[in-house]
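Now for the letters of each chain:
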Amino acid sequence: QDKYFEDAVEVVQEGFEDSADALFDPRFKTLEGTRDIITKIVKNIYAEFLPEATTVMLYNNIPVGFCFMNLTGGRIANIPIVSIRKEHQGKGLSKHMLKKSVEKLIEMADSGIKGITEVNTTTETNNFQALKMYRHLGFKEDYNYPQSYLPVKD
C-alpha cells in the first residue's frame, strides 16, 4: 500500500546502509537512493511487482519490516529485499515475513493465478543470518556471482 512506502524506504535503508549490498549499490546509503530502489521495485521497473505476496510486519500498528516479492520472466518469483528494523532483528520475524510471502506465492501458483515455477533470491555469501533463514525455509544454494550497479542518466 502506498501508505507504507516511506516506512519501507526508512526500514530498508536502515537495514542495508551498513551491509555488503551498499558496497556494490551505494544508493542504500541514503534515503533518496533507497527511495529510488523501492520505487523501481513497486513500479515494475525491475520486474512485475507482486503486492499481494509482499509482506509488511507491523508492531503496534507501525511498519517495522518488509519482504518484497516480484515476478521475473512471468514465471520466476524473486525476493529483491527483506529488511526489518534493527531493534526487531534476531527474533525470527524476518523468517516469519518470508514464510508468509512464500506461502502466498505457492497459493498463487497452485490456484493458477500466476505460473510460478520457482522462487529465488540473492544474498552475500557472508550474510550468515540470511543464509540460515533461507536454508531453514527450504531454499537451496545454486551459484555465486558478483553483482554490480551502474547509474544511467535519462
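Higher on the page you've got the structure.
Residues numbered from 1 in each chain as written. Predicted model: local features only at pLDDT ≥ 70, side-chain atom pairs only at ≥ 80, totals over all residues. Heavy atoms only, no water.

**Remarks on the nonpolar core**
No. 1: If you look at the biggest cluster of nonpolar residues, it comprises 20 residues, and the most contacted ones within it are Met69, Ile79, Leu98, Leu105 and Tyr134.
No. 2: Elements that contribute at least two residues to this core include exactly strand S3 (62-67), strand S5 (76-79), helix H4 (93-111) and helix H5 (128-136).
No. 3: Take this core: its biggest share by element is five residues, from H4.
No. 4: When neighbours within four sequence positions are excluded, isoleucine 79 is seen to be in contact with Cys67, Phe68, Met69, Leu98, Val119, Asn120, Thr121, Tyr134 and Phe139.
No. 5: Core analysis: the next-biggest nonpolar cluster, separate from the first, contains 16 residues, Phe5, Phe16, Ile41 and Phe68 among them. (Core = buried A, V, L, I, M, F, W, Y, C linked by side-chain atoms within 4.5 Å. Buried < 20%, exposed > 50% of the residue type's maximum accessible area, 1.4 Å probe, protein only. Helix = DSSP H or I, 4+ residues; strand = E, 2+ residues; numbered from the N terminus. Contact = heavy atoms within 4.5 Å.)

**Here's the deal with helix H3 (residues 31-42)**
No. 1: With 12 residues, H3 extends 16 Å between its outermost C-alpha atoms, agreeing within 8% with the 16 Å of an ideal straight helix rising 1.5 Å per residue.
No. 2: Of all the positions in H3, only Gly33, Thr34, Ile37, Ile38 and Ile41 are classed as buried. Take H3 and look down its axis: the buried residues cluster within an arc of 135°, on one side only.
No. 3: Looking at the residues trailing H3, positive phi occurs at asparagine 44, about 65°. (Expected span 1.5 Å × (residues − 1). Arc of directions from axis to C-beta.)

**Notes on the side chain of aspartate 25**
No. 1: Structurally, aspartate 25 can be placed in the loop between helix H2 (21-24) and H3.
No. 2: Of the polar contacts made by the side chain of aspartate 25, one reaches the side chain of arginine 27; its length is 2.6 Å. (Polar contact = N/O pair within 3.5 Å; in protein donor to acceptor, adjacent residues only side chain to side chain.)

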